[in-house]
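Structural overview
The lines below spell out each chain.
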Amino acid sequence: MFKTLLLTAAAGLALAMAAPGIGCAAPSDPAERKMVETVQADHARNLKLLESLVLVNSGSMNFKGVEQVGQMVRAELEPLGFQVRWSPMAAANRAGHLVAIHKGSGRGVHMLLIGHLDTVFELDSPFQGWTLKGNDIVEGPGTSDMKGGDVIMIAALRAMQAAGTLKDADITVVMTGDEEKRGAPLAVDRKDLIDAGHANDVALEFEGLARQNGQDIGSIARRSSGAWTVRAHAKSGHSSGVCTPQAGCGAIYELARILDDFRRELPEPHLTYNVGLISGGSQATINPTETGATASGKSNVISAEAIAMGDIRTLSPEQEARVRAKMAAIVAKHLPKTQAEISFADTGYPAMAPTEASRKLLAKLNQVNTSLGLPQMPEGDPDKRGAGDIALVSFLPGLLGLGMGGEGAHAPGETADLKTMDVQAERAALLMARLAKEPRPRP
Ligand SMILES: [Zn+2]
């Protein structure tokens with residue numbers, strides 16, 4: 001609480017010195033001041049909530065854990081006047097989603113707030129728990145991606161309630177249970193989110209705050225993410241004949257050729273290509289949840305099966321289609337006596353391209369920054385952002401990255417920078433309160 005106050009004041013002072021007249025650490029509007037005070041007064045409570053959420057493992061495939069985190073969020077939103085329901089997703093082989101609706105006056109901008117309950121760290125991951133690393137850094141699964149953002153969303157809503165600015169606001173919260181490993185089919189698994197998109201006017205997503213050289217960045221675009229699987233097959237045999245025309249090279253060599261050709265031939269602007277899991281031998285399988293693999297084989301036997309999984313990320317559907325065709329052509333150049341095929345999953349995310357309407361929303365966030373005495377947030381580079389749920393409602397103006405700052409998302413050692421918690425909640429509360437007062441852009 002104290003630290004953020006100092007940080008805000010210092011940032012305001014720096015700005016005031018650079019551009020006289022702009023900097024002012026406390027907003028002049030009494031309701032806005034009350035929201036800032038509430039966020040800061042609730043700091044310890046919000047931190048405790050984050051700790052308790054992080055301590056429950058909610059890997060996407062740990063349905064019990066995901067639902068438990070959903071129940072904990074429900075307990076926060078119901079006292080704020082939200083109608084909360086759990087939308088089970090057995091039909092998509094996932095835990096389900098939390099959907100919460102706050103009915104306001106009906107007259108202001110209707111807001112969709114997007115979060116997720118799951119993390120990439122499954123029950124069998126060695127990365128679990130909550131470890132404080134000094135004053136402001138905490139390590140743990142989902143600390144910044146994105147239980148931290150979920151807590152920031154809740155903190156902002158609670159501040160709005162305390163200041164009387166929530167009462168008239170029309171807000172839908174959707175926290176999905178499988179953002180990190182989406183179920184299929186899309187039409188079933190994301191119906192709640194897409195329906196909520198059509199019922200609202202703007203989308204605000206609380207994934208991690210982007211920062212560059214210590215500066216907070218505004219985000220209005222995301223790249224796509226699509227998973228692929230390559231399966232290679234070959235004639236088995238004695239290793240003494242490997243790579244002779246009669247015996248062939250085996251499935252592992254064929255897979256290695258493909259992956260290395262991908263690495264050398266695919267790179268282009270806005271594209272990344274990753275291999276995340278591999279298995280090969282006399283027999284190789286990937287487990288049904290696609291989070292692990294098994295293999296058996298011997299050093300003196302030519303391998304018969306090999307499988308690899310990974311993803312590609314692009315900035316547009318055209319780029320996606322072109323890169324997929326290039327990958328298929330690489331796969332088709334088989335080594336002697338081998339076969340391979342590539343498939344693309346229906347569980348990815350489309351790209352969210354930057355739009356003028358989203359830029360206007362970022363401009364409103366920057367007006368909030370001015371009121372808080374904070375520096376302006378320039379528009380960030382979409383290449384630096386992963387894919388996410390907000391891209392599925394990209395027909396709405398959208399802002400992303402309203403959540404917790406941190407490092408190392410998706411890898412053991414993920415941390416959150418707790419200094420960003422209060423300031424992000426203050427920004428979100430003021431932005432939402434202002435949007436709620438603006439007339440609805442459509443009936
Ligand atoms: Zn996330």
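Here, every reference points to the structure presented above.
Let us look at the structure shown here. Quick caveat: nothing in here was measured; it's all calculated off a predicted structure.

A count of helical and extended segments in the protein gives 11 helices and 20 strands. A globule of 443 residues ought to have a C-alpha radius of gyration of about 22 Å, and the protein, at 24 Å, matches this closely. Considering only C-alpha atoms, the protein reaches an extent of 80 × 50 × 45 Å along its principal axes. Residues counted as buried form 49% of the 443 residues belonging to the protein. Long-range contacts, defined here as pairs at least 24 residues apart, represent 78% of the contacts in the protein between residues at least 6 apart.

Here the focus is the sheet that holds strand β3 (residues 111-116). Note: strands within a sheet are paired through backbone hydrogen bonds, in either parallel or antiparallel orientation. The six strands are arranged β1-β2-β6-β3-β7-β18 in an open sheet whose pairing can be described as mixed. Every other strand in the sheet has two partners, leaving β1 (83-89) and β18 (398-399) as the edge strands with one partner each. Taken strand by strand, helix α4 (residues 63-77) contacts β1, β2 (94-102) and β6 (171-176), and its axis lies near 10° from that of β2.

With respect to burial, β6 is a largely interior element, six of its six residues being buried. Residue alternation in β6 divides its side chains into two sets, I171, V173 and M175 and T172, V174 and T176, and both sets are buried. The sheet contact formed by β2 and β6 spans five bridges and is antiparallel. Bridge pairing in β6 links H102 to I171. Both β3 and β6 contribute to a ladder of six bridges, which runs parallel. Each residue of the ladder has a partner; that of I114, found in β6, is V174.

Time to look at the packing of helix α2 (residues 30-41) against helix α5 (residues 147-163). The geometry of α2 relative to α5 is characterised by a closest axis approach of 8 Å and an angle of 135° between their N-to-C directions. Judged on the interaxial angle alone, α5 and α2 are oblique. Crossing handedness for the pair α2 and α5: right-handed. Within the contact between the two elements, α2 uses A31, K34, M35, T38 and V39 and α5 uses A155, R158, A159, M160, A162 and A163. Counted by class, the contact of α2 with α5 contains eight nonpolar, one polar and two charged residues.

A word on the packing of α5 against helix α11 (residues 419-437). Where α5 contacts α11, the two axes come as close as 8 Å, and the packing angle between them is 50°. Considered as vectors, α5 and α11 are oriented oblique to each other. The element α5 and its partner α11 pack so that their crossing is right-handed. Residues G148, I152, M153, A155, A156, A159 and M160 of α5 form the contact with α11, whose participating residues are M421, Q424, A425, A428, A429, M432 and A433.

Next up on the list: unusual backbone geometry. In this model, D145 is joined to M146 through a cis peptide bond whose omega is -10°. With respect to the helices and strands, the residue M146 is situated in the loop between β5 (137-139) and α5. Residue A184 is joined to P185 through a cis peptide bond whose omega torsion reads 0°. Topologically, P185 is positioned in the loop between β6 and α6 (186-189). The phi dihedral of K337 falls on the positive side, at around 60°, and the residue is not glycine.

What counts, and where the lines are drawn
Residues numbered from 1 in each chain as written. Predicted model: local features only at pLDDT ≥ 70, side-chain atom pairs only at ≥ 80, totals over all residues. Helix = DSSP H or I, 4+ residues; strand = E, 2+ residues; numbered from the N terminus. Rg over C-alpha atoms; globule rule 2.2 N^0.38 Å. Buried ≥ 20, exposed ≤ 12 C-beta atoms within 10 Å, placed from the backbone. Contact = placed C-beta atoms within 7 Å. Pairing = 2+ DSSP bridges. Axes fitted to C-alpha atoms, helices over the stretch in contact; angles between N-to-C directions. Parallel < 35°, antiparallel > 145°, perpendicular 65-115°, else oblique. Left-handed = near helix turned anticlockwise from the far one by under 90°. Nonpolar A, V, L, I, M, F, W, Y, C, P; charged D, E, K, R; others polar.

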